[in-house]
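Next come the chains, spelled out residue by residue.
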Amino acid sequence: MSFFKKIFSKEKKETLDKGLEKTKSSFFDKLGKAVAGKSTVDADLLDDLEEVLVSSDIGVATTIKIIDRIESRVARDKYLGTAELNTIMREEIAGLLSEVNNGDATDFVIPNQEAPYVVMIVGVNGVGKTTTIGKLAYQFKKAGKKVVLGAGDTFRAAAVDQLQIWADRVGVDIVKQKMGSDPASVAFDTLQSAVASKADVVLLDTAGRLHNKVNLMNELTKIKRVMQKVIPGAPHDVMLVLDGSTGQNAFEQAKQFTAATEVSSLAITKLDGTAKGGVVIGISDQFKIPVRYIGVGEGMEDLQVFNKTEFVDSFFN
């Protein structure tokens, strides 16, 4: 057993296994039908496998990569039976995830630095953005960090109210202004407050409407420019929150936001209620952005640091 295996707790692993249950069940049901009665990995089986991967929301481009890798293995090893297929796919998908997601994190950590570590959270309404911010605040506070929330989604009254509820529940500071205020002004005040209170982490919410790309780009650029007047280099992370249960729609949202701003990490939510968990693999691969967190349940502890080894293990175990 590796050191990593020892520090990824049994509780976390059980939550992850349960959260991916629907995805795993759907995937292996389709895979079982594809390999039924076949003993070797041939061209026909690879065609069927391609269909299984695409229908599991892994995405066409990533599916083609996986199939190409399996074809190379078959050519190299000459004879491969369907019995080995599970192991081969597991290894190749883990390899794909390793190209983007370096290391196997297990804890909610931030880099050590003098200024507060600023995370700007982006994503459309309804993906679980506010809940993700609240759960992140909880996890960072539990880790001994002083957290400040910024209510930068000033266009939706409920967004500010929801964030206030989370701030009260977790016991962290929140900076907000009246409805319709300039989000950049909220960002400026939030960072000033965080510096003054010697906070460790700032989690800044942003507007969740998918207005046109130019407006989105201008707004996010303005927020970043204003933040840098207070903390040079901020934001240190631009995190895009995606709803895993929307499958291919999550790809489209990722495309919109990566075109509008420099997204540096992903949080993929609601994986427990869907059979579309394959989007984690496809989006990570297609956009070359590391998945930092995944939501595998509704509880405070059910937002997990994404660990590629354990994810693949739960998917294929």
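Rules used throughout
- Residues numbered from 1 in each chain as written.
- Predicted model: local features only at pLDDT ≥ 70, side-chain atom pairs only at ≥ 80, totals over all residues.
- Heavy atoms only, no water.
- Helix = DSSP H or I, 4+ residues; strand = E, 2+ residues; numbered from the N terminus.
- Buried < 20%, exposed > 50% of the residue type's maximum accessible area, 1.4 Å probe, protein only.
- Contact = heavy atoms within 4.5 Å.
- Areas by Shrake-Rupley, 256 points an atom, 1.4 Å probe, with all protein chains shown as cover.
- Lys, Arg positive; Asp, Glu negative; His and termini not counted.
- Charge placed at Lys NZ, Arg CZ, Asp CG, Glu CD.
- Pairing = 2+ DSSP bridges.
- Axes fitted to C-alpha atoms, helices over the stretch in contact; angles between N-to-C directions.
- Parallel < 35°, antiparallel > 145°, perpendicular 65-115°, else oblique.
- Left-handed = near helix turned anticlockwise from the far one by under 90°.
- Nonpolar A, V, L, I, M, F, W, Y, C, P; charged D, E, K, R; others polar.
- Phe/Tyr/Trp six-rings, centres within 6.5 Å; stacked < 30°, edge-to-face > 60°.
- Lys NZ or Arg CZ within 6 Å of the ring centre and 35° of its normal.

Undergrad: Looking at this structure, I do not really get the overall build of the protein chain. What am I missing?
TA: Per the secondary structure count, the protein chain includes 13 helices and 8 strands. Taken across its 317 residues, the protein chain has 51% of its residues classed as buried. In the protein chain, once contacts between residues fewer than 6 apart in sequence are set aside, the share between residues at least 24 apart is 78%. For the protein chain, the exposed area adds up to about 13700 Å²; of that, 51% sits on carbon and sulfur atoms. Put simply, the protein chain has 40 plus and 42 minus side-chain charges, and the middle of one group is 5 Å from the middle of the other.

Undergrad: Explain the sheet that holds strand β1 (residues 117–122) here, please?
TA: Strands belonging to one sheet form pairs held by backbone hydrogen bonds; the direction of such a pair is parallel or antiparallel. Pairing is mixed in the open sheet, where 8 strands are placed in the order β3-β2-β4-β1-β5-β6-β7-β8. Each edge of the sheet is formed by a strand with only one pairing partner; in this case those strands are β3 (173–175) and β8 (303–305). Taking the axes of each pair of neighbouring strands and ignoring which way they run, one obtains an average angle of 25° across the sheet. Bridge count between strand β2 (residues 147–150) and β3: 3 bridges; the pairing is parallel. Across the sheet, the residue bridging to V148 is D173, located in β3.

Undergrad: Where do I start with the packing of helix α6 (residues 85–98) against helix α12 (residues 279–287) in this structure?
TA: Axis angle and axis distance: for two packed helices, these are the angle between their axes and the distance between the axes, and together they describe the pair. Interhelical geometry of α6 versus α12 gives an angle of 45° and a closest axis separation of 9 Å. In terms of orientation, α6 and α12 fall into the oblique class. Where α6 crosses over α12, the two elements pack in a sense that is left-handed. Across the interface between the two elements, I93, L96 and L97 of α6 pack against V280, I281, S284 and D285 of α12. Of the residues in the contact of α6 with α12, the class split is 5 nonpolar, 1 polar and 1 charged.

Undergrad: Is there a simple way to think about the packing of aromatic side chains in this case?
TA: By convention here, two paired aromatic rings are described through the distance between centres and the angle between planes. If you walk through the whole model with that rule in mind, you get 9 aromatic pairs. Judged by centre distance (6.0 Å) and plane angle (85°), the ring pair of F27 and F316 falls under edge-to-face. Residue F27 is found in helix α3 (residues 21–35), and its partner F316 is found in helix α13 (residues 308–316); the two are separated by 289 residues along the sequence. Of the two residues, F27 and F316, both sit in the buried class. What links up through ring pairs into an aromatic cluster is the set F27, F28, F306, F311, F315 and F316. It is R169 that lies over the ring of W166; its NZ or CZ is 4.3 Å from the centre.

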